[in-house]
There are 2 protein chains.
Amino acid sequence: MNRVFNFSAGPAVLPLEVLQQAAEEMCDWQGTGMSVMEMSHRGPQFISIYERAVADLRKLLSIPDDYEVLFLQGGATAQNALVPMNLLRGLTTADYVNTGAWSSKSIREAGKYCQVKVAASSEAQGFTCIPDVADWQLDPKAAYVHICSNETIGGVEYHFVPDTGDVPLVADMSSNILSRPIDVSRFGLIYAGAQKNIGPAGVTIIIVRKDLLEHAMPSTPSVFNYQLQAEKDSMLNTPSSYGIYIAGLVFQWIDRQGGLAAMETRNREKAAILYDYLDRGEFFSSPVAISDRSLMNVPFRLRDESLNQQFLDGAQERDMLQLKGHRSVGGMRASIYNAMPRAGVEALAAYMADFEQQHG
Amino acid sequence: MNRVFNFSAGPAVLPLEVLQQAAEEMCDWQGTGMSVMEMSHRGPQFISIYERAVADLRKLLSIPDDYEVLFLQGGATAQNALVPMNLLRGLTTADYVNTGAWSSKSIREAGKYCQVKVAASSEAQGFTCIPDVADWQLDPKAAYVHICSNETIGGVEYHFVPDTGDVPLVADMSSNILSRPIDVSRFGLIYAGAQKNIGPAGVTIIIVRKDLLEHAMPSTPSVFNYQLQAEKDSMLNTPSSYGIYIAGLVFQWIDRQGGLAAMETRNREKAAILYDYLDRGEFFSSPVAISDRSLMNVPFRLRDESLNQQFLDGAQERDMLQLKGHRSVGGMRASIYNAMPRAGVEALAAYMADFEQQHG
């Protein structure tokens, strides 16, 4: 078996032992004679897989009892519409903080359902930082305040939880959920597409404070009405069952690594290897403000951009893939989610040093 | 490896060779060093998987060029809302034919978006037949006519395509798509959740005539706007990529079996084994009108219902699972989709004969 270091921003690398277990169990899950893909979602086998996944996620994130955990479909992009449809609660405005490509998408979509107020933006800084919270223009009558906790494209991450008073804080955590412990009680709602730190694309996790439910707009499709799904343990319709199974294996893997505190230590160490190298000289550089640098997505540039393709080709020869930056920002990007082994980051840093020595 | 005969109504049995290929390729797809789950949906590897799946589906169903093929998320239940949101085109009413549990669900959900007219219903017959088309009250001003081409719970199937004139015909084909050839040009829109004849839950296929697009309600979430997804080849957001890969393997498997004409022959033979036995005596019976019996889901009853549990227990001992009828109708149900081998149906019929001999 050949394995590469896959720096894709998502869908992204998964733990090899999770994939190996999935392969072994593919045709016959635990002696049942069925693949998980073939199981009725209402049967005892899948229910046990589902309940274990929910319990493990609750444990990993210490999710308080007054929060629902839902496994829905449609990805975070669907949530850009479904959050306002579910959470406006008869109110007419929502505050959004714009920190880059994903925030901007959320803002555009929410505008179909309410008056969006951009409470703060780092657009003038080229989305290279989190706007200073002292300058946020928060509206106490807003239905919620929306942030993107990690901008996958720009590589900008919140390393704090903003205080939004009585207005619920909503976070798109698609690209940094489960990378470190968080205080869920500080949030009204957390959502995340699975395809970075959780599992395969097609699973969307919603963690929502129960008192915010029951006020969805009448036009909300039933399967995307959080309250209706909460009443049915996410099984108002057939869930993305195989994806939930893989997510559950990932939760077990994180637990075996020592949980989120251990993940944070590993993730800080991995990111430091790259940022330390980027800051060492001028051949490479990081465009992001030091205090707001993402531990998950590390964008960087070569001083001489005419070497970009050569850099990518050399990386590919060394089995390091998907290092090209998003087309909207250019340059390079190394996505180093939970499942990226330290060895992958070390190999990248070693290659960067070699490349610099050859071309610097 | 242990394998059972899994008669689940969905998620349901998949072809063993598809599962085996998926297991073999799980950690390293075709020498790329990545699982399909780990691939960027915009990378050349996944794009090749996606394009092959679309092309194979188009070939299997002979889909005309003026139809879009979309791979979305949310299952058929989401489409109960998304069909009216996308297809009302400024009109205010839609016709629905009620043939059972799934039609009824579609009707309830559509009522949130338009005035639903029930053009025909078999409710008075206990949903055991398709209402005679001569009695359908079709409204020429309806935005569309909606049918469920196969009622998974009641075991009632359309063996003809109703003529709806200039009003587009919309069909929920979740549980009989790909079971036989169909004339796609007779439909305005076909939708299907994957988890019966296509692949894992979480993939939803939409086949829609292009001239019906571009009129979605403004409140339609962008990722569920058919036109926007058509413009982006279903990649406005990250699709359920692993599910699409499995669906693609199933399409290839169907092609190797001889395509849909061969599937129909096999499916007719399999269903006949069961219906012939059910009609032979009075120990077992089928509640469905002979002309409307489903080739996919075969509900049946024991004359003496006090033997139900004993029948199920005996089936389980012989590795035949999921034969219990849906709780709303009781009795038994054998779902015998494409991937159920003839040997499974023969084993079930043989067991039924044994059971009758013991208890009859």
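Residue positions are counted from 1 within each chain, in the order its sequence is given. Chain letters and ligand numbers both follow the written order, the letters beginning at A and the numbers at 1. The model is predicted, so local features are restricted to residues of pLDDT at least 70 and side-chain atom pairs to those at 80 or more, both for listing and for counting; the totals for chains, interfaces and linings are taken over all residues. Remark: hydrogens and water are excluded; side-chain values derive from all non-hydrogen atoms of the structure.

Engineer: Sorry, what's going on with the overall build of chain A here?
Structural biologist: Each helix is a run of H or I in the DSSP string that is no shorter than four residues. Each strand is a run of E no shorter than two, and both are numbered from the N terminus. For chain A, the helix and strand inventory stands at nine helices and 14 strands. What you see for chain A is a C-alpha radius of gyration of 21 Å, in line with the 21 Å of a compact globule of 360 residues. In terms of overall dimensions, chain A has C-alpha extents of about 60 × 55 × 30 Å along its principal axes. Relative accessibility thresholds used throughout: buried, under 20% of the residue-type maximum; exposed, over 50%; partly exposed, between the two (1.4 Å probe, protein chains only). Residues classed as buried in chain A amount to 64% of the 360 residues present. Computed with the Shrake-Rupley method and a 1.4 Å probe, the accessible areas treat only the protein chains shown as cover for residues. When the accessible surface of chain A is summed, it comes to about 12900 Å², and 47% of that surface belongs to carbon and sulfur atoms. Positive and negative charge centroids in chain A, built from 30 and 41 side chains respectively, lie 2 Å apart. Here the globule rule reads 2.2 Å times residues to the power 0.38, and the radius of gyration is calculated from C-alpha atoms. His is not counted, nor are the chain ends, whereas Lys and Arg count as positive and Asp and Glu as negative. One atom stands in for each charge, and that atom is NZ of Lys, CZ of Arg, CG of Asp or CD of Glu.

Engineer: What should I look at first to understand the interface of chain B and chain A in this one?
Structural biologist: Interfaces are often sized by the accessible area lost when the parts come together. We call two residues contacting when some pair of their heavy atoms lies within 4.5 Å. Listed as interface residues are 64 residues of chain B and, on the opposing side, 64 residues of chain A. Buried area is understood as the total, over both parts, of accessible area removed when two parts are fitted together, assessed with a 1.4 Å probe. Buried area between chain B and chain A, summed over both chains or domains, comes out near 4700 Å², and the portion from carbon and sulfur atoms is 57%. Area buried by chain B at its contact with chain A is led by Cys27, Met37 and Glu38 of chain B, which between them contribute 14% of it. In the sections that follow, a salt bridge refers to a side-chain nitrogen of Lys or Arg positioned within 4 Å of a carboxyl oxygen of Asp or Glu. Seen at the junction of chain B and chain A, the total is two salt bridges. Glutamate 38 of chain B is the partner of arginine 3 of chain A in a salt bridge, and the nearest nitrogen-oxygen pair spans 2.7 Å.

Engineer: Could you clarify how one ought to interpret the environment of leucine 228 of chain A in this entry?
Structural biologist: Residues and elements named next belong to chain A. Looking at the element boundaries, leucine 228 is found in helix α5 (residues 226–231). Exposure remark for leucine 228: the relative accessible area of 30% places this residue in the partly exposed category. Among residues more than four places away in sequence, those in contact with leucine 228 are Ser222 and Leu236.

Engineer: How should I be thinking about the confidence of the model for chain A in this particular structure?
Structural biologist: Note: predicted coordinates in regions of low pLDDT should not be interpreted at a detailed level. Summing up the model confidence of chain A, the mean pLDDT is 97 and the portion of residues at 70 or higher is 100%. At the level of chain-chain contacts, confidence expressed as ipTM amounts to 0.98, with global pTM at 0.98. Per-residue confidence from the prediction method is given by pLDDT, with values spanning 0 to 100.

Engineer: Is there a simple way to think about the domain arrangement of chain A in this case?
Structural biologist: Residue and element names in this part refer to chain A. Parsing chain A into structural domains produces domain 1 (17–256) and domain 2 (259–359). A straight line from the C-alpha centre of domain 1 to that of domain 2 covers 27 Å. On the domain 2 side, the residues contacting the 25 residues of domain 1 number 25 residues. A combined buried area of about 2000 Å² lies between domain 1 and domain 2, and 58% of that area is made up of carbon and sulfur atoms. Three residues stand out in domain 1 for area buried against domain 2, namely Ile153, His159 and Trp253, and they jointly supply 26% of the buried area on that side. Along the contact surface separating domain 1 from domain 2 lie zero salt bridges. Identification of polar contacts relies on pairs of N or O atoms within 3.5 Å, with a donor-acceptor requirement for protein atoms, meaning one able to donate a hydrogen and the other able to accept it, and with residues adjacent in sequence counted only if both atoms are side-chain atoms. At the junction of domain 1 and domain 2, the tally comes to 14 residue pairs in polar contact (both at pLDDT 80 or more). Secondary-structure elements contributing two or more residues to the side of domain 1 that touches domain 2 are α2 (44–61), β6 (150–151), β7 (156–157) and α6 (241–257). With three residues, the top contributor of residues to the side of domain 1 that touches domain 2 is α6. Looking at the side of domain 1 that touches domain 2, its residues break down into 10 nonpolar, 10 polar and five charged. Source of the domain bounds: an automatic or database domain assignment. Note on residue categories: nonpolar means Ala, Val, Leu, Ile, Met, Phe, Trp, Tyr, Cys or Pro, charged means Asp, Glu, Lys or Arg, and polar means any other residue, Gly included.

Engineer: Even after reading the chapter, I still don't get the pairing of strand β8 (residues 169–172) of chain A, so can you show me in this structure?
Structural biologist: It is a general feature of regular strands that their side chains alternate between the two faces of the sheet. Residues and elements named next belong to chain A. Alternating residues of β8 divide into Leu169 and Ala171 and Val170 and Asp172, and every residue in both groups is buried. Bridge count for β8 against strand β9 (residues 189–193) is three bridges, and the pairing is parallel. Its bridge partner being in β9, valine 170 is matched across the sheet by leucine 189. When DSSP finds at least two bridges between two strands, those strands are taken to pair.

Engineer: Looking at this structure, how should I read the packing of helix α3 (residues 75–87) of chain B against helix α4 (residues 101–110) of chain B?
Structural biologist: Angle between the axes and distance between the axes are the two parameters that describe a pair of packed helices. Residues and elements named next belong to chain B. Simply put, an axis is a line fit to the C-alpha atoms, just over the touching stretch for a helix, and the angle between two N-to-C directions goes from 0 to 180 degrees. The N-to-C vectors of α3 and α4 enclose an angle of 45 degrees; their axes lie 9 Å apart at closest approach. By the angle class used here, α3 and α4 are oblique. Between α3 and α4 lies a crossing whose hand is right-handed. Together, Thr77, Asn80, Ala81 and Pro84 of α3 and Trp102, Lys105, Ser106, Glu109 and Ala110 of α4 make up the contact between the two elements. When its residues are assigned to classes, the contact of α3 with α4 shows four nonpolar, three polar and two charged. Comment on the angle field: the value is read as roughly parallel under 35 degrees, roughly antiparallel over 145, roughly perpendicular from 65 to 115, and oblique elsewhere. Less than a right angle of anticlockwise turn of the near helix away from the far helix marks a crossing as left-handed, whereas a clockwise turn marks it as right-handed.

Engineer: Mind showing me how you'd approach the side chain of glutamate 25 of chain A here?
Structural biologist: Residue and element names in this part refer to chain A. On the secondary structure map, glutamate 25 appears in helix α1 (residues 16–25). At a separation of 2.5 Å, a polar atom in the side chain of glutamate 25 contacts the side chain of tyrosine 245. In contact with glutamate 25, not counting residues within four places along its chain, are Gln30 and Tyr245.

Engineer: Just to check I follow, could you spell out the sheet that holds strand β12 (residues 297–302) of chain B for this structure?
Structural biologist: Pairing between the strands of a sheet is mediated by backbone hydrogen bonds and can be parallel or antiparallel. All names here are of chain B. If you walk across this open sheet you meet the three strands as β11-β12-β14, and the pairing is antiparallel. Unpaired on one side and paired on the other, β11 (284–285) and β14 (332–335) mark the two borders of the sheet. Here β12 pairs with β14 via four bridges, running antiparallel. In the strand pairing of β14, phenylalanine 300 is matched with methionine 332.

Engineer: Can you help me understand the nonpolar core in this one?
Structural biologist: Soluble globular proteins tend to bury their nonpolar side chains together. By nonpolar core we mean a set of buried residues, namely Ala, Val, Leu, Ile, Met, Phe, Trp, Tyr and Cys, connected to one another through side-chain atoms within 4.5 Å. Ranked by internal contacts, the top residues of the largest apolar core, which has 130 residues, are Phe71 and Tyr242 of chain A together with Tyr242 of chain B. Contact partners of tyrosine 242 of chain B, with chain neighbours within four places excluded, come to Met26, Met37 and Tyr242 of chain A together with Ala22, Met26, Val36 and Met37 of chain B. The next biggest cluster of nonpolar side chains, apart from the first, holds 59 residues, and it includes Met85 and Tyr144 of chain A together with Tyr96 and Phe224 of chain B.

Engineer: Just checking my understanding: could you explain the relation of the copies chain B and chain A for this structure?
Structural biologist: Two copies of a chain can be linked by a rotation about an axis combined with a shift along that same axis. Once chain B is rotated about the relating axis by 180 degrees and shifted along it by 0.0 Å, it coincides with chain A to within an RMSD of 0.0 Å. Such values leave the two copies arranged in the relation of a two-fold axis. Among all C-alpha atoms of chain B, that of alanine 23 of chain B lies closest to the rotation axis, at 2.2 Å. Least-squares superposition of the copies uses the C-alpha atoms of those residues scoring a pLDDT of at least 70 in each of them.

Engineer: For this particular structure, what's the right way to read the pattern of salt bridges?
Structural biologist: Here the idea is simple: oppositely charged side chains can pair when their charged atoms come close. Residue and element names in this part refer to chain A. The full count for this structure, using the stated rule, is 28 salt bridges over all chains. Of the charged contacts, one joins glutamate 346 and arginine 342 as a salt bridge, the two residues approaching to 2.8 Å between their closest N and O atoms. Taken together, the positions of glutamate 346 and arginine 342, both in helix α9 (residues 342–359) and four residues apart, correspond to about one turn of that helix. Assessed through its relative accessible area of 39%, arginine 342 is described here as partly exposed. Shared partners join several salt bridges into a network, and the residues in it are Glu269, Arg342 and Glu346.

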